[in-house]
Structures are given as structure tokens and as C-alpha cells.
Amino acid sequence: MRILSAVLSTGLIATLFLGAANDPQQTLERHVRHELVMLPYYGVFDNLMFQVNGREVRLLGQVSRPSLKPDAARAVKNVEGVETVVNDIEVLPTSPNDDRIRLAVYRAIYGHNTLNRYALQAVPPIHIIVKNGNVTLVGRVANEMDKNIANIQANGVSGVFSVKNELIVDKG
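Residues numbered from 1 in each chain as written. Predicted model: local features only at pLDDT ≥ 70, side-chain atom pairs only at ≥ 80, totals over all residues. Heavy atoms only, no water.

### Concerning the side chain of Asp46
- Mapped onto the elements, Asp46 comes out in the loop between helix H3 (24–37) and strand E1 (47–53).
- Not counting chain neighbours up to four residues away, the residues in contact with Asp46 comprise Tyr41, Gln62, Val63, Ser64, Arg65, Leu68, His127 and Ile129. (Helix = DSSP H or I, 4+ residues; strand = E, 2+ residues; numbered from the N terminus. Contact = heavy atoms within 4.5 Å.)

### Description of the environment of Asn87
- Tracing the sequence through the fold places Asn87 in strand E3 (residues 84–87).
- Its relative accessible area of 22% is what places Asn87 among the partly exposed residues.
- Along the chain, Asn87 and Pro70 lie 17 residues apart, while their C-alpha atoms are 8.1 Å from each other.
- Dropping the residues within four chain positions of it, Asn87 is found in contact with Leu59, Lys69, Pro70 and Ala73.
- Of the polar contacts made by the side chain of Asn87, one reaches the backbone oxygen of Lys69; its length is 3.0 Å. (Buried < 20%, exposed > 50% of the residue type's maximum accessible area, 1.4 Å probe, protein only. Polar contact = N/O pair within 3.5 Å; in protein donor to acceptor, adjacent residues only side chain to side chain.)

### Things to note about the pattern of salt bridges
- In the structure shown here, the tally under the stated rule is 8 salt bridges.
- For Glu90, the salt bridge goes to Lys131, with nearest N and O atoms at 2.5 Å. In this pair, Glu90 is assigned in strand E4 (residues 90–91) and Lys131 in strand E5 (residues 126–131), connecting sequence segments 41 residues apart.
- When its relative accessible area of 28% is taken as the criterion, Glu90 is described as partly exposed. (Salt bridge = Lys/Arg side-chain N within 4 Å of Asp/Glu carboxyl O.)

### Considering the nonpolar core
- Among the nonpolar cores identified, the biggest contains 21 residues, and Val105, Ile109, Ile126, Ile128, Val135 and Leu137 are the most heavily contacted of them.
- For this core, the secondary-structure elements that each account for two or more residues are helix H5 (96–110), E5, strand E6 (134–141), helix H6 (144–155) and strand E7 (162–169).
- At 5 residues, the largest contribution of residues to this core is made by H5.
- Residues Phe50, Val57, Val63 and Val85 belong to the second largest nonpolar core, which totals 20 residues. (Core = buried A, V, L, I, M, F, W, Y, C linked by side-chain atoms within 4.5 Å.)

### Some remarks on the sheet that holds E6
- Taken in spatial order, the 3 strands of this open sheet run E5-E6-E7, and their pairing is mixed. Since the sheet does not close on itself, it has two edges, and those belong to E5 and E7, each with one partner. With strand direction ignored, the average angle separating the axes of adjacent strands in the sheet is 10°.
- Pairing analysis gives 6 bridges linking E5 to E6, with the strands arranged antiparallel. Note that in E6 the partner of His127 across the bridge is Val138.
- On the sheet, H5 packs against E5 and E6 and is oriented at approximately 155° with respect to E5.
- Here H6 sits on the sheet in contact with E5, E6 and E7, set at roughly 160° to E7. (Pairing = 2+ DSSP bridges. Axes fitted to C-alpha atoms, helices over the stretch in contact; angles between N-to-C directions.)

### Structural notes on the confidence of the model for the protein chain
- Predicted confidence across the protein chain gives a mean pLDDT of 88, with 87% of residues reaching 70 or more.
- Within the model, pLDDT remains below 50 along residues 1–20, and this stretch shows 6 contacts once partners closer than five positions in the same chain are excluded. (pLDDT = per-residue confidence, 0-100.)

### Points about the packing of H5 against H6
- One way to put it is that H5 packs onto H6 with a least axis distance of 8 Å and a crossing angle of 140°. Taken together, the axis directions place H5 and H6 in an arrangement best described as oblique. Both H5 and H6 take part in a crossing whose hand is right-handed. Here Val105, Ala108 and Ile109 of H5 come into contact with H6, specifically with Ala150, Gln153 and Ala154.
- Among the residues making up the contact of H5 with H6, the classes are represented as 5 nonpolar, 1 polar and no charged. (Parallel < 35°, antiparallel > 145°, perpendicular 65-115°, else oblique. Left-handed = near helix turned anticlockwise from the far one by under 90°. Nonpolar A, V, L, I, M, F, W, Y, C, P; charged D, E, K, R; others polar.)

This is how it looks when you write it as C-alpha cells:
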């Protein structure tokens, strides 16, 4: 980031920027990531992941809305440089009980004084995946304490059978 801002201020942008843009793999990954997070119905109860292998993109993860699976594939197919999209996104079963658990876990996590700062982001970083009463937490948090609090809060929700905590702690 420092190099880019220094380059912008000195007017030598073309030389350095072209070097960064020459990595087609990183450029493609950045565009695919952007398209996925910009999907209108992508939210905290969905987990979208992808793998790029040359010009093929493999979509992974889980979604709570069935329409999000084809929407993700359609958005990624329109990315320049993508030739093939393999859509392995799992559509979670519709269940009123899972919907109740999703909302209760959301309130328990994002309503906690230590974790409510994460709710201010457009797509909060702690994603809550519920399948048949089993909760998986995925995403990123700032520290180990936040990860542990999210786990405790999710485990405290009535009707939750198990909690798998896959939150990643940011380094720094």
C-alpha cells in the first residue's frame, strides 16, 4: 500500500502498476472475489469460497437461499478471463428451525458488546452456517478472544446441536 501511494504521488504509476497487473492469477482472483461479495443476496448466513485453476473457477461453500447458487455462477462467468465455472456450492436445506437458530445465533454473536463492532460492516465477517441444527462459524476476527466469544455465544443458543468454529484470527 505504501508503494502504491508513493507511486501515485510521483507520477510513476504506469511502471509499477503494470508489474502488479501482470499476474493474471491474482487479477482474476480479485475480480471473482469482488463479483461474489457484490451479489445482492449474499449475506452473513452464506459462505462463498472459490478456487481458481487457470481459467477455471470452482465455486464452493454453502448458501441459505437457493437462488444464490446460480446467481454466483452467473456473476463469475461474466468475469473477463473465466472460461469455465464449476458450481459446487451447497444449498442448505430449508428449515424453520434452522432459520430460528440462524437468527438467534446472529443476535447472540453480534449483540455481544465485544463483537457488535463486526456488525457495522456491509457483509459482517463472521458467517453463520446452520445445517440441521449444527452451526459452523466461518470468516475472520481480529483476535483469539473474539473467536472464543463467538464460539461461546453460538453454543449458548437453544436448539443448537453442535458448533464448529472455523473462524480465522487476523495476524497483526
